[in-house]
Amino acid sequence: MGIEGIGARVVRKEDRRFITGKGRYTDDIVLKDTTYAAFVRSPHAHARILSIDTTAAKAAPGVIDVLTGADLAGDRIGGLICGWMIHSKDGSPMKAGAHPAIAHEIVRHVGDQVAVVIAETKAQARDAAELVEIDYEVLTAVVDPAKAQDADAPQIHPEAAGNLIYDWHIGDAAATDAALAAAARTIKLDIVNNRLVPNPIEPRVAIGSYDEAEEHFTLYNTSQNPHVARLVLSAFVGIAPEHKLRVVAPDVGGGFGSKIFIYPEETVCLWASKKIGGRPVKWTSDRTEAFLTDCHGRDHVTRAEMAFDADNRITGFKVHTIANLGAYMSTFSSSVPTYLYATLLSGQYAIPAIYAEVEAVYTNTVPVDAYRGAGRPEATYLIERMMETAARELGVDPADLRRKNFVKSFPHQTPVIMCYDAGDYEATLDKALAAIDYAGLPARKAASLAKGKRRGLGFSCYIEACGIAPSQAVGSLGAGVGLWESAEVRVNPVGTIEVLTGSHSHGQGHETTFAQLVNDRLGIGVNNVQIVHGDTDKVQFGMGTYGSRSGAVGMSAIVKALDKVEAKAKKIAAHLMEASEADIVIEGGEVKVAGTDKTMAFAHVALAAYTGHNLPAGMEPGLKESAFYDPTNFTFPSGTYICEVEVDPDTGVVEIERFVAVDDFGNVINPMIVEGQVHGGLAQGIGQALLEGVTYDMESGQLLTGSFMDYTMPRADDLPSFEVSTTVTVCPGNPLGMKGCGEAGAIGSPPAVINAITDAIGVRDIAMPATPSKVWAALHGAA
Amino acid sequence: MYETSYHRPTSLSEAEALMGADVDAKFLAGGQTLLPTMKQRLAAPSALIDLRHLPELKGISVEGDTLVIGAATPHAAVQTSAEVKRTIPAIAKLAGLTGDPHVRHLGTIGGSVANNDPAADYPSAVLGLGATIHTNRRTIAAEDYFQGMFTTALEDGEIIVKIAFPIPLAANYEKFRHPASRYAMAGAFVAKTTGGVRVAVTGAAQGGVFRATAFEDALGADFRPEALDGLSVDADDMLSDIHGDSAYRANLVKVMVKRSVAGLL
Ligand SMILES: Cc1cc2nc3c(=O)[nH]c(=O)nc-3n(C[C@H](O)[C@H](O)[C@H](O)COP(=O)(O)OP(=O)(O)OC[C@H]3O[C@@H](n4cnc5c(N)ncnc54)[C@H](O)[C@@H]3O)c2cc1C
């Protein structure tokens, strides 16, 4: 591997820039003659707009224009789309309501944008926004997904009768019902997966800039996938054809999924820039707007039943889930509770029959879409809470019950589409059991009790699917795009390299890991490699970063491009050194003839490629290759997490005493970065389990957890020192044998925490987040 | 934030004059409450009069059996002060439990006591020790000063200059932090004084900081946590919200008072 190759703990190249405050984020970009946008947002969860009076706002100091949904409609700017078609059980397509970039006639959640003020300064824009007078007729609102289909619930979109977007299913209903009927024991569980606010440290920003001379638009935005943004804004919203729209997503301060989506403000800034004659229009979200408009995550209400035979083998699993998609269907919202959720309901277990039904509903809440893990945390939470509950009710050890039901041979076809390619679930379980000292648990529980505390331990044996995804397969399931990735490797005449990738780094460390890959192949050192991403003018096309796909898919594309570069370099070197191409090897920055002392620097070969003075006959000059890589399958990271907690019965405070995470990510490029990803994921998962959760007022639809004063973000002192390690089964599906590590921590950890708490206090279930007051109430029988 | 202007007076009389000239002005100390409120456009003072550079409001001193803390003293200075640690270490502890390092280096004792947030920490020490608030106009006893959440005896334009704490025989503060804001969800300041045991509780009650007199009586007779068994504060007086209902808060009050007492044994 070398000190900078695959497997090495190379210090992140990008951190110097970030830590010294030299990162260049969208808000740092100030174009000449910039104007500032402030949105007027709905204070109501559901209301009819009776009138909008912009007179006073237009007359306010510094105001350039005030625009409304009527102006947008008048200019025939299209609405936002949901890019994944889901069909209901009856074959009918999902019922997507209109999603205008500025609300027109009806507002559907608190924070819905109703008008935009463009002014010379940010403060002037905000001052004037307060002068826009809007008359609303307030309508009843529904925020609880379980109540969205009630007869007395308000109708949110005319297209979706009863607020039902789709009623989808997967698996074999008859076989599953038969398994439940024939079961020796069945275990039932009602589970709520709490709604979360992503809260990346950098709020969203959009700068729209129209060049009248060229009739060309540029959008600078905080995006995880600028090319997809360009595609949607061109093909569906109709801002401009793709060659007339450039999208740049520079340094991005975290996304966790929330910056995948194409948001209304981006459309508005582009459109408004043209409308006001070409001056750039900039909008920077504040934290309140982030709470009210960044897509939220999770929000499932599920009822499930699992069947066991007399030997405690799982024979069937039946699931019914209501998924809250909020007031509008965001870009990928439809896929999250379906193909990213129910396809993982087999967990790590051999389950012969599975049937899942998912009803997606509209409510008067912020739209819900993918958030770190996207569907897999919901699946894992359900399965692993179910396994722990089953073990307790069947009277068997929870580790034994899992082990008995593990998938043990691969490939394994589940009843819910996924075909697991490789894994060793016993290996991760055994390693985690040893790490936590499972045998010592009874003694530790007794010691806690002696101090007046309650100790508990919880497992989570998760599996997830990364590296989304084979284009043909996702196309057949309704995806509007292919999910390949592209790469271009440009060797400069001096032998240094630029790698252009369609992935987008917003914290993942691509500038380091991708450079490690190049160094592994060519040995030129990571500092001679520059990773270029996030600009549609530089990178031809790409699908972006989410679903832990940048390694398994993005790096595989780089491998393919490197293969081509190497092949050409070898041809040139063979020609220059008068050797056979088959004898040429590239290592340590040198191109050598195997078995001889003939060698030349890789840089020399690069120079030769560009001078063109002495190339093999017929060869084009230059050394630059590109590739598209389309994966053949998902990848399946898996692992065992064990959480041990101590509960203070006086206050309900849960202290996480130990957290052991053993992950199988396949081959690892940079263990330090992988550990960082796991730590961050665990913090978010523990945050979901103990701290974070959205509360809406059920009547008014107001967001009660609308700031950090009420929405509890995990802090360092809420978390233990994590004990993380890995096992390796090589992924057979991609050239690097890697699976993906970006979301595992957030996927695997919530059930481990809740299983530990319920073990400690002896209750069947406790709702996330398990705050001290809830734990105390549960202990005192009040829950 | 709306447009405003900023003044930095260097004497108490200059500050008074500035305030006298502008009814819509506000005093600014550490800004840890006022500035976020302004950023959210919930407050729009025409001018900010910064109190942090008035010599009268500065300094920590021990005067006989009294610890005197200038109103403009930031929490971090109280937390680390040798005088405070020597005379009333519970106040240093309380200051160290307030906010985060950033907040502690800007937020001031005067701002906290003037604001009287029902979840703020300092009011419990002021009431728990029976401190005296010295303003530019008068002195106010703690008992008369706190008048319900965000309400105090301060008149318009009145400036807290310093706070004088009688040095107790012993005191302790235990705080249960609100999970999100980390203000007090229940903070119990327990003091043993020559006049008896005093217990002041912040964070939990609808009316802001209060003295738990039943607890004081029980502890006066028997200064052990067990003395509180069977007693409780009235849950009907407690706050109830998404972070904890009134029954939970009533429980927390008792647990925190017990822990505070236990720390003094
Ligand atoms: C993130 C965060 C966390 C916090 N956590 C806690 C916590 O855990 N516990 C806690 O107790 N507090 C907490 N605070 C509040 C903080 O500790 C300050 O004490 C509080 O904000 C007020 O002090 P200040 O000096 O910042 O006052 P400012 O915000 O400047 O002023 C507050 C009010 O008091 C008035 N005022 C200020 N000084 C005087 C004076 N000398 N005389 C008369 N009026 C005056 C001002 O006019 C204003 O109305 C937190 C604040 C933040 C931002």
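Residues numbered from 1 in each chain as written. Chains lettered and ligands numbered in written order. Predicted model: local features only at pLDDT ≥ 70, side-chain atom pairs only at ≥ 80, totals over all residues. Heavy atoms only, no water.

Colleague: Give a detailed account of the overall build of chain B, specifying residues and quantitative values.
Modeller: Secondary structure assignment for chain B yields 11 helices and 12 strands. Here chain B has a C-alpha radius of gyration of 18 Å; the compact-globule value for 265 residues is 18 Å, and the two agree. Expressed as a percentage of its 265 residues, the buried residues of chain B come to 53%. The contacts of chain B with a sequence gap of at least 6 include a subset with a gap of at least 24, amounting to 59%. Accessible surface for chain B amounts to roughly 10800 Å². Of this, 51% is attributable to carbon and sulfur atoms. Positive and negative charge centroids in chain B, built from 24 and 29 side chains respectively, lie 7 Å apart. (Helix = DSSP H or I, 4+ residues; strand = E, 2+ residues; numbered from the N terminus. Rg over C-alpha atoms; globule rule 2.2 N^0.38 Å. Buried < 20%, exposed > 50% of the residue type's maximum accessible area, 1.4 Å probe, protein only. Contact = heavy atoms within 4.5 Å. Areas by Shrake-Rupley, 256 points an atom, 1.4 Å probe, with all protein chains shown as cover. Lys, Arg positive; Asp, Glu negative; His and termini not counted. Charge placed at Lys NZ, Arg CZ, Asp CG, Glu CD.)

Colleague: Break down the overall build of chain A for me, with residues and values.
Modeller: For chain A, the count of helices and strands is 19 helices and 28 strands. Whereas a compact globule of 783 residues would reach a radius of gyration of roughly 28 Å, chain A reaches 27 Å, a difference of no more than 12%. Structurally, chain A occupies a C-alpha span of about 85 × 75 × 50 Å along its principal axes. The 783 residues of chain A split such that 63% are buried. Taking the intrachain contacts of chain A between residues at least 6 apart in sequence as the baseline, contacts between residues at least 24 apart amount to 80%.

Colleague: Any details on the UniProt feature "domain: FAD-binding PCMH-type" (unreviewed entry) in chain B? Residues and values, ideally.
Modeller: Listed under "domain: FAD-binding PCMH-type" (unreviewed entry) in the UniProt record, and renumbered for this structure, are residues 1-170 of chain B. Structurally, residues 1-170 of chain B comprises 35% helix and 20% strand, and the distance from its first C-alpha atom to its last is 44 Å. (UniProt positions renumbered as here; feature names shortened; annotations may be inferred.)

Colleague: Give a description of the pairing of strand 14 (residues 314-324) of chain A that names residues and reports values.
Modeller: Residues and elements named next belong to chain A. Across the 11 residues that make up strand 14, a large majority, eight, are buried. Relative to strand 14, strand 13 (residues 300-308) runs antiparallel, the two being bridged by nine bridges. In the strand pairing of strand 14, Ala304 is matched with Val319. Counting the residues that bridge the hairpin from strand 13 to strand 14 gives five residues, and of these Asn312 lies at a positive phi of roughly 65°. As paired strands, strand 14 and strand 15 (residues 354-361) are joined by eight bridges and run parallel to one another. By the bridge assignment for strand 15, Phe317 is matched with Ile354. (Pairing = 2+ DSSP bridges.)

Colleague: Lay out the side chain of A:Ser335 with the relevant residues and their values.
Modeller: On the secondary structure map, A:Ser335 appears in the loop between strand 14 and strand 15. If sequence neighbours within four positions are ignored, A:Ser335 has contacts with A:Trp84 and A:Leu340.

Colleague: Please give an account of the nonpolar core that cites residues and values.
Modeller: In terms of nonpolar packing, the biggest core is built from 155 residues, with A:Phe317, A:Leu345, A:Phe659 and A:Ile757 touching the most fellow members. Those residues within four positions of A:Leu345 in sequence are excluded, and the remaining contacts are A:Phe317, A:Val319, A:Ile351, A:Ile354, A:Ala356, A:Ala379, A:Leu382, A:Ile383 and A:Val416. (Core = buried A, V, L, I, M, F, W, Y, C linked by side-chain atoms within 4.5 Å.)

Colleague: Before we move on, can you summarise the site of the ligand with the specific residues and values?
Modeller: Residues and elements named next belong to chain B. The environment of the ligand is formed by 29 residues, the closest being Phe27, Gly31, Thr33, Thr108 and Asp121. Within the side chain of His75, one N or O atom sits 2.7 Å away from an oxygen atom of the ligand. Lys175 is positioned with one of its side-chain polar atoms (N or O) 3.0 Å from an oxygen atom of the ligand. For the ligand, the accessible surface in isolation is 970 Å², of which the surrounding protein chains cover 90%. Residue assignment for the shell around the ligand shows that the elements contributing at least two residues are strand 2 (26-28) and helix 7 (109-115). For the shell around the ligand, the element with the most residues is helix 7, which contributes four residues. (Near = heavy atom within 4 Å. Polar contact = N/O pair within 3.5 Å; in protein donor to acceptor, adjacent residues only side chain to side chain.)

Colleague: An account of the packing of helix 9 (residues 376-394) of chain A against helix 10 (residues 398-405) of chain A is needed here, citing residue identities and associated values.
Modeller: If you want to describe how two helices pack, look at the angle between their axes and the distance between the axes. Residue and element names in this part refer to chain A. Contact geometry for helix 9 and helix 10: axes closest at 8 Å, N-to-C directions at 115°. One way to sum up the angle between helix 9 and helix 10 is to call them roughly perpendicular. Helix 9 and helix 10 meet at a crossing whose hand is right-handed. Each of Glu384, Met387, Glu388, Ala390, Ala391 and Leu394 in helix 9 lies in contact with helix 10, whose residues at this interface are Pro398, Leu401, Arg402 and Asn405. Within the contact of helix 9 with helix 10, the residues separate by chemical class into six nonpolar, one polar and three charged. (Axes fitted to C-alpha atoms, helices over the stretch in contact; angles between N-to-C directions. Parallel < 35°, antiparallel > 145°, perpendicular 65-115°, else oblique. Left-handed = near helix turned anticlockwise from the far one by under 90°. Nonpolar A, V, L, I, M, F, W, Y, C, P; charged D, E, K, R; others polar.)

Colleague: How would you sum up the packing of aromatic side chains? Please name residues and give values.
Modeller: Applying the stated criterion to the full structure yields 23 aromatic pairs over all chains. Ring centres 5.1 Å apart and planes at 55° place the aromatic pair A:Tyr420 and A:Phe636 in the tilted group. Of this pair, A:Tyr420 sits in strand 17 (residues 419-420) while A:Phe636 sits in the loop between strand 25 (624-629) and strand 26 (638-648), and the two are 216 residues apart along the sequence. The same class applies to A:Tyr420 and to A:Phe636, which are both buried. With 5.3 Å between their ring centres and 80° between their planes, A:Tyr438 and A:Phe459 make a pair best called edge-to-face. Taken together, the positions of A:Tyr438 in the loop between helix 11 (425-436) and helix 12 (441-450) and A:Phe459 in strand 18 (residues 454-463) put the pair 21 residues apart, joining distant regions of the chain. Aromatic ring contacts, followed pair by pair, group A:Tyr349, A:Phe406, A:Phe410 and A:Tyr425 into a single cluster. Above the face of the B:Tyr2 ring, B:Arg41 is positioned so that its terminal group lies 4.3 Å from the ring centre. Here B:Lys192 stacks its cationic end above the ring of B:Phe223, 4.4 Å away from the centre of that ring. (Phe/Tyr/Trp six-rings, centres within 6.5 Å; stacked < 30°, edge-to-face > 60°. Lys NZ or Arg CZ within 6 Å of the ring centre and 35° of its normal.)

Colleague: Pulling in residues and values, what's your account of the sheet that holds strand 26 of chain A?
Modeller: All names here are of chain A. Reading across the sheet, the four strands line up as 18-26-27-28 and stay open at both edges, with mixed pairing between neighbours. Two strands lie at the open edges of the sheet, namely strand 18 and strand 28 (723-727), each paired on one side alone. For this sheet, the mean inter-axis angle between neighbouring strands, taken without regard to orientation, is 15°. Judged from the five bridges that link them, strand 27 (residues 653-664) and strand 28 form a sheet pairing that is parallel.

Colleague: I'd like to hear about the interface of chain B and chain A, residue by residue, with values.
Modeller: Across the boundary between the two partners, chain B contributes 20 residues, which contact 22 residues of chain A. Of the roughly 1700 Å² buried between chain B and chain A on both sides combined, carbon and sulfur atoms contribute 52%. The tally of links between chain B and chain A comes to six salt bridges. Across the pair B:Arg259 and A:Asp648 runs a salt bridge, and its minimum N-O distance is 2.7 Å. Elements with a contribution of two residues or more to the side of chain B that touches chain A: strand 9 (170-177) and helix 11 (246-262) of chain B. Broken down by element, the side of chain B that touches chain A gets its largest block of residues, seven residues, from helix 11 of chain B. Of the residues that constitute the side of chain B that touches chain A, the class distribution is 11 nonpolar, five polar and four charged. (Buried area = accessible area lost by both parts, 1.4 Å probe. Salt bridge = Lys/Arg side-chain N within 4 Å of Asp/Glu carboxyl O.)

Colleague: For the domain arrangement of chain B, give the residues involved together with the corresponding values.
Modeller: Residue and element names in this part refer to chain B. You can read the domains of chain B as domain 1 (5-50), domain 2 (55-166) and domain 3 (170-262). Just the C-alpha atoms count here: the centres of domain 2 and domain 3 sit 20 Å apart. Domain 2 puts 23 residues into the contact, and the matching count from domain 3 is 23 residues. Here domain 2 meets domain 3 over a buried area of about 1800 Å², counting both sides, of which 60% is carbon and sulfur. The largest share of the area that domain 2 buries against domain 3 comes from Leu97, Ser124 and Leu127, three residues that together contribute 24% of it. At the surface where domain 2 touches domain 3, the tally comes to four salt bridges. Between Glu143 and Arg211 there is a salt bridge, with its nearest N and O atoms 2.6 Å apart. The interface formed by domain 2 and domain 3 includes 14 residue pairs in polar contact (both at pLDDT 80 or more). A class-by-class count of the residues in the side of domain 2 that touches domain 3 yields 13 nonpolar, six polar and four charged. (Domains from an automatic or database assignment.)

Colleague: Quick rundown of empty space enclosed by the protein? Include the residues and the values.
Modeller: Residue and element names in this part refer to chain A. As enumerated under the stated definition, the model contains six cavities of 30 Å³ or more in all. One number sums up the size of the largest cavity: a volume of about 140 Å³. Together, 15 residues line the largest cavity, and His99, Tyr263, Pro264, Thr293 and Pro367 are the ones closest to its centre. Split into classes, the residues belonging to the lining of the largest cavity amount to seven nonpolar, five polar and three charged. Taken together, domain 1 (31-139 + 201-254 + 259-293) and domain 2 (300-469 + 633-779) each give at least three residues to the lining of the largest cavity, which thus spans both. Together, Arg298, Asp299, His300, Ala323, Asn324, Leu325, Ser333, Val336, Pro337, Val368, Asp369 and Glu378 line the second largest cavity. Of the residues that constitute the lining of the second largest cavity, the class distribution is five nonpolar, three polar and four charged. (1 Å grid on protein atoms, 1.4 Å probe; cavity = no way out; pocket = protein on both sides within 12 Å on 5 of 7 lines; lining within 4 Å. Points joined across faces, edges and corners; volume = space filled by probe spheres on them.)

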